[in-house]
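Chain by chain, the residues run as shown.
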Amino acid sequence: MGEEGTPKTEMINPALLDGVSANFIVKGPSGVEKAYPMRAVTVTIGRSDQCDIAVKDSSMSGRHAEISKINGEIRVKDMGSANGIWLNGERVDDVELFDGDVLRLGQTSIRQARRDKASLAAFVAAARESQKSKPCAAAVDKVGDVARTLNSLGKPSTATPPKGDEARRLVAGYRELAKTYDRLAVSISQFAAQSTASAAALTGSAEQIADAEIKSRVAEAQELIEQRTQVTNAFVSDWKKLSQATNNYANQLDQAFLQGNRSVYPDVDRGVQAKTATEVLVACNRSFDRAKVAVEDKLRDLDEVAGGGAPAE
């Protein structure tokens, strides 16, 4: 076997094995790559089905080599194979492995998958940080202002139609409320954009994970985080609907009280056809808190995976 066939891939970072499993990407003679988790301090590699990493490679011995973690070091040892172990193009018998090392056994190469614990920890930390921001909080003060404005405006009544300056005050007041709701929607849209950027960063962390089971659990967390993000989007949508409905109502007041169009009186009496500002805020708080709890429960599950080694089979 010549050195020219040695793949330029990564081996293992010893520091990343503390308390957790490693992942090895094994590429056999067929060219197919397969991931193997290191769930113990020692794994055996060879052609035999009894090995932890068994490869259909006729140029490998039944029990070709083993990789162990010893006193914090990661070492590879030849178990008396016929064709030996090649590390970075040189034949070795027992040697410590470092970053950038490449193993070749027969026609099989072994490299490290990017370590899952660090990536998982980064994902959990970023996801938990995103939990601190609550879009509903951005509207609390404004909702209080809106309540005071509505109280000062009073409820328009077609039974005693306002005239002149009073009618103009009502129309102007509701048009200004519509603008307030629209400004809130714009402000919270910026929050939503930050949430989207945060979700993209979380996806980047998740993509570093190779272990299929951990990746599956992270995908579940991402789905819950997306549901939390959708609460923000719904919050924005509710404010936009309220803005539009309030502006429509202001136009109806104009038609009824300033233009004297009695045909719109039923519309005036029905009021603004959307959730009130208070209802919008309450719905956001309820939905966001529920979504936040679901995310936190999943993050605690991932904490156990990150802190306790590989997930159970």
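An account of the accompanying structure is given in this report.

Criteria and cut-off values
- Residues numbered from 1 in each chain as written.
- Predicted model: local features only at pLDDT ≥ 70, side-chain atom pairs only at ≥ 80, totals over all residues.
- Heavy atoms only, no water.
- Pairing = 2+ DSSP bridges.
- Helix = DSSP H or I, 4+ residues; strand = E, 2+ residues; numbered from the N terminus.
- Phe/Tyr/Trp six-rings, centres within 6.5 Å; stacked < 30°, edge-to-face > 60°.
- Buried < 20%, exposed > 50% of the residue type's maximum accessible area, 1.4 Å probe, protein only.
- Core = buried A, V, L, I, M, F, W, Y, C linked by side-chain atoms within 4.5 Å.
- Contact = heavy atoms within 4.5 Å.
- Salt bridge = Lys/Arg side-chain N within 4 Å of Asp/Glu carboxyl O.

### Section: the sheet that holds strand 9 (residues 94-96)
Phase 1 of the analysis: Within the open sheet, the five strands sit side by side as 4-3-5-6-9. Their pairing is mixed. Each having just a single partner strand, strand 4 (53-54) and strand 9 make up the two edges of the open sheet.
Phase 2 of the analysis: In terms of strand pairing, strand 3 (residues 42-46) meets strand 5 (residues 65-70) through four bridges, oriented antiparallel. Counted as the bridge partner of Thr44 is Glu66 from strand 5.

### Digging into the packing of aromatic side chains
Each aromatic ring pair is summarised here by two numbers: the centre-to-centre distance and the angle between the ring planes.
Phase 1 of the analysis: Counted according to the given criterion, the structure contains four aromatic pairs.
Phase 2 of the analysis: Relative to Trp239, the ring of Tyr181 has its centre 5.7 Å away and its plane inclined at 25°; by these criteria the two rings are stacked. Taken together, the positions of Tyr181 in helix 3 (residues 164-206) and Trp239 in helix 4 (residues 212-258) put the pair 58 residues apart, joining distant regions of the chain. The same class applies to Tyr181 and to Trp239, which are both buried.
Phase 3 of the analysis: Ring pairing ties together the aromatic residues Tyr181, Phe235 and Trp239, which thus form one cluster.

### Considerations on the nonpolar core
Phase 1 of the analysis: Judged by nonpolar contacts, the single largest core of 33 residues is most densely connected at Phe235, Trp239 and Leu253.
Phase 2 of the analysis: When contributions to this core are tallied by element, the ones reaching two or more residues are helix 2 (140-153), helix 3, helix 4, helix 5 (265-270) and helix 6 (277-307).
Phase 3 of the analysis: When residues of this core are assigned to their parent elements, the largest contribution, 10 residues, is made by helix 4.
Phase 4 of the analysis: If we skip the residues at most four places from it in the chain, Phe235 touches Pro135, Cys136, Ala139, Ile188, Val280, Leu281 and Cys284.
Phase 5 of the analysis: Among the nonpolar cores identified, the runner-up in size contains 19 residues, and Ile67, Ile85, Leu97 and Ile110 belong to it.

### Section: the pattern of salt bridges
Phase 1 of the analysis: Going through the model one piece at a time under the given rule, you end up with 18 salt bridges.
Phase 2 of the analysis: Across the salt bridge formed by Arg128 and Asp303, the nearest N and O atoms sit 3.0 Å from each other. Taken as a pair, Arg128 in helix 1 (residues 116-130) and Asp303 in helix 6 lie far apart in primary sequence, 175 residues in all.
Phase 3 of the analysis: One salt bridge connects Arg169 with Glu166, and the closest N-O pair in it is separated by 2.9 Å. Placement of the pair is Arg169 and Glu166 together in helix 3, with a separation of three residues, close to one helical turn.
Phase 4 of the analysis: For Arg169, a relative accessible area of 32% translates into the label partly exposed.
Phase 5 of the analysis: Among the ionic contacts, a cluster of salt bridges with common partners joins Arg128, Glu296, Asp297, Arg300 and Asp303.

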